[in-house]
Structure formats: C-alpha cells, structure tokens
Amino acid sequence: MRASLSIPLSRVVTIESFIIDQEKKHAPEATGELSNLLYDIGLAAKIINSHVRMAGLADILGSAGAVNVQGEVVQKLDEFANDTMKHALLRTGRACLLASEEDEEPIPIPPGYRTGKYTILYDPLDGSSNIDVNVSIGTIFSIHRRVSEGNGPGELRDCLQPGRTQVAAGYVLYGSSTMLVYSTGQGVHGFTFDPTIGEFLLSHPNITTPPVGKYYSINESNFPRWDIRVQKIVRCWKGTLTEPNMKPKNSRYIGSLVADFHRNLLAGGIFAYPADTKSPNGKLRLLYECAPLAFLCEQAGGYASDGSRPILDLEPAELHQRSPFFVGGRDDVRFVEELLAQPAVADRRA
Ligand code: FDP
C-alpha cells in the first residue's frame, strides 16, 4: 500500500529528509555533496518517470525522429532518459565525469562548469526492449569518489573502479508504481513515488533479502548454450536434479533486469545471466548493471558473483566490460559458486 494512503501526509518521510537524516547520523562531517547528488538523481528520475508514463502514447505522438503534434521532434525514451541524466548531473559541480551505458566514451563536464569529486555511471533505461510492450523498465546508477588528484577533469580511471569502492548505488523501477531504491552503505532503502505530491516517500526502510529465496530468474532459452555445470544448477532449481543443499524453486523471468532484481530482493530469489557460447563473457555490463546491483544486494544481506569471484572485487579494465552475473540470496549464490568450482563432467543423473 502506498505510504500516503496509510500515513497522514504531514508525517510521511520524503527522500530528501531521509537522506539528510542519514547523513547527520552516519557522516556528520560530510559536506552534503553526496546527498545533493542523490537529489539530482531523484529529480532526473521524476522527469524520466513522467515520460515513461506517456510511453504508451508514443504511437499517437510519433516515433523516434518523427515530429509530434506540437511540431517538436519526438525522442526515443532511452535517448531522452540519457539526456535527462546528463542534464541533471553535468552542471552541478558535483561530478568530475559521467559514464553512460548509451555512450561509447566517458562524458566530460562541459567547459566553464566546475568539476566535483564524484563519478556517476548509469544505465539510463535498462530493459529497453520492454518499452514498446508496457513492461517494467529501470534506471541504474553507481557513484564513486574520484581517484585522480586535484579538481581538474575526471579521468577514465575514475570510472574504472571495483564495485567495492562505490559510495552509493541504486535504481529506479518504473513499474506498477515507481520506486527509487538506493544505498550509501548504510542499508538499502526504498521510496515509492507519490504522483499526487510529486515526491518519493519512504516505503521500504532497511530492505533485507533472505539467504535462500523462492524464485530463480534466468533466460532458459539459452540452456543449450550453457556450460554443463550451469545446466546442472538450473536443473537443481527446477527440481529435475537433486542436490542436498538445494530445494527446487519457482521460476520468474521478466527479462528486465531492474524488475527481476527488485522482485527477488524483496521476495527472495536468485537472478542469473551466465556466460554462454553466444556471449562468452556474459551479457550484462559490469559497471552499469552488475556492480551497482551487487552493492545493493550485499547491503541487503545477499551476495553477487561472476561464478567464482565476488562481483564487487572485480577490477574493471574497460568501461563497457561484460560479466557473468549471479545475484540474490547469499546461500543461493554460494551454491552456484560451489557447483561451478566442480569439474565440468556430465552428471549421469541428468
Ligand atoms: P534489454 O536487452 O531489454 O535491454 O541488459 C539489458 C537487458 O535487457 C536486461 O535488462 C535484461 O535482464 C536482459 O538484458 C535480458 O536479456 P535476454 O533478453 O537475453 O534474456
């Protein structure tokens, strides 16, 4: 139920007041810059949300590159989301460099604007193949403190940091309601957008995820392309193969990472996008997708792995690097690591 429906509006906790309280409690010496950066992202989320809610009207208003009834050029939603994030983050003096899943190169601060101490990496609209069919999509973000010295332009190495050093990460889910979920390393907190007052309200404080979940989420059409050990893991989840430490699970796969991750975070489960013969390094992007969700999951008591190593410990070599990804309940992900550590031999029971 929406917080505003059960709590008097005068008593609800907005995302702004929550961030300030968290900062006062955990980092009284902080300058407030990270808090402001989170507000900037919250504002971008509201703008993207208002356009996502109009997406069904795109055919009426015209498709990408076409001219709408007002004579304006209609932008594709993912391009719009990317531009909105840039506009919200580039000119505030808080960032030294941005990186977007939609841009080949890092995005510098425009000339004449101050550079700050943070880099923000983001996927402006993840699950974009779902936009046209009215299925939930999301925005994912990851924030690091710069490692290059001084206050000049940011450098590539400011972006290429392991997930462990993130100072904050989060996502916005444009679903049946819009939610912003984030962590600055003090737990994971979820806010639901109340369109009647235009605010994100605290609805899910201190989210935790169970060590063993009831769902598994994977694109099973890739089954023939997986390593024999991944096939075995999925058979255990389905219940067609039995292992002492694994009870069968229920399958749920939307094919929209933020939505799949969010459901499993709240209800308990494991999401997997392993390597396969078509995508030998996996499909998902380490910096824009895996690392921020791994950070949130660990903060909620879960775990994320590339199959043998914690996602948060991976040292990125490239901006758009991909990684196999297993994320969810701690024991569920450890089970994957254990089975992947075994020799790749056919199981006679399978
Ligand atoms: P999409 O291709 O629709 O943009 O990383 C992108 C992503 O969606 C994720 O959101 C989603 O989890 C995954 O790819 C789905 O991939 P498959 O279609 O291969 O299952």
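## Here's the deal with helix H9 (residues 286–299)
Each α-helix winds once per 3.6 residues, and so residues spaced three or four apart point in a common direction.
Thinking step 1. Most of H9 sits out of view: twelve of its 14 residues are buried.
Thinking step 2. Among all positions in H9, only Leu286, Leu287, Tyr288, Glu289, Cys290, Ala291, Pro292, Leu293, Ala294, Phe295, Leu296 and Cys297 are buried.
Thinking step 3. Phi for Gly301, located one or two positions after H9, is positive at around 95°.

## Thoughts on the packing of aromatic side chains
Thinking step 1. Scanning the model with the defined rule gives eight aromatic pairs in all.
Thinking step 2. On the numbers, 5.1 Å between centres and 55° between planes, the contact of Phe193 with Phe200 is tilted.
Thinking step 3. Judged by its relative accessible area of 12%, Phe193 is buried.
Thinking step 4. Ring geometry for Tyr253 against Phe271: centres 6.2 Å apart, planes inclined by 20°, an arrangement best described as stacked. With a gap of 18 residues between them, Tyr253 in the loop between strand S10 (250–251) and helix H8 (257–267) and Phe271 in strand S11 (residues 269–273) connect regions that are remote in the sequence.
Thinking step 5. Judged by its relative accessible area of 32%, Tyr253 is partly exposed.
Thinking step 6. Its relative accessible area of 3% is what places Phe271 among the buried residues.

## Quick notes on the packing of helix H2 (residues 15–26) against helix H3 (residues 33–52)
Thinking step 1. Interhelical geometry of H2 versus H3 gives an angle of 160° and a closest axis separation of 10 Å. Accordingly, the angle class assigned to the pair H2 and H3 is roughly antiparallel. Regarding H2 and H3, the two cross each other, and that crossing is right-handed. Of the residues in H3, those in contact with Glu16, Ile19, Ile20 and Glu23 of H2 are Ser35, Leu38 and Tyr39.

## What to know about the sheet that holds strand S7 (residues 189–194)
Thinking step 1. Spatial ordering of the open sheet is given by S2-S1-S3-S4-S5-S6-S7-S8, a layout of eight strands whose pairing is mixed. Looking along the sheet, the strands with just one partner apiece sit at the ends: strand S2 (107–108) and strand S8 (199–204).
Thinking step 2. Direction of pairing for strand S1 (residues 95–100) relative to S2: antiparallel, over a ladder of two bridges. Across the sheet, the residue bridging to Leu98 is Ile107, located in S2.
Thinking step 3. Here H8 sits on the sheet and contacts strand S3 (118–126), strand S4 (137–145), strand S5 (166–174), strand S6 (178–183) and S8; the angle it forms with S5, its principal contact strand, is near 105°.

## Structural notes on the sheet that holds strand S13 (residues 325–328)
Thinking step 1. Here five strands make up an open sheet; going across it, the order is S10-S9-S11-S13-S12 and the pairing mixed. The sheet is open, and its two borders are formed by S10 and strand S12 (303–305), each paired with just one other strand.
Thinking step 2. Bridge count for strand S9 (residues 215–217) against S10 is two bridges, and the pairing is parallel. Looking at the pairing, Tyr215 lines up with Asn250 of S10.
Thinking step 3. Running at roughly 25° to S12, helix H10 (residues 330–340) makes contact with S11, S12 and S13 of the sheet.

What counts, and at which threshold
Residues numbered from 1 in each chain as written. Predicted model: local features only at pLDDT ≥ 70, side-chain atom pairs only at ≥ 80, totals over all residues. Heavy atoms only, no water. Buried < 20%, exposed > 50% of the residue type's maximum accessible area, 1.4 Å probe, protein only. Helix = DSSP H or I, 4+ residues; strand = E, 2+ residues; numbered from the N terminus. Phe/Tyr/Trp six-rings, centres within 6.5 Å; stacked < 30°, edge-to-face > 60°. Axes fitted to C-alpha atoms, helices over the stretch in contact; angles between N-to-C directions. Parallel < 35°, antiparallel > 145°, perpendicular 65-115°, else oblique. Left-handed = near helix turned anticlockwise from the far one by under 90°. Contact = heavy atoms within 4.5 Å. Pairing = 2+ DSSP bridges.

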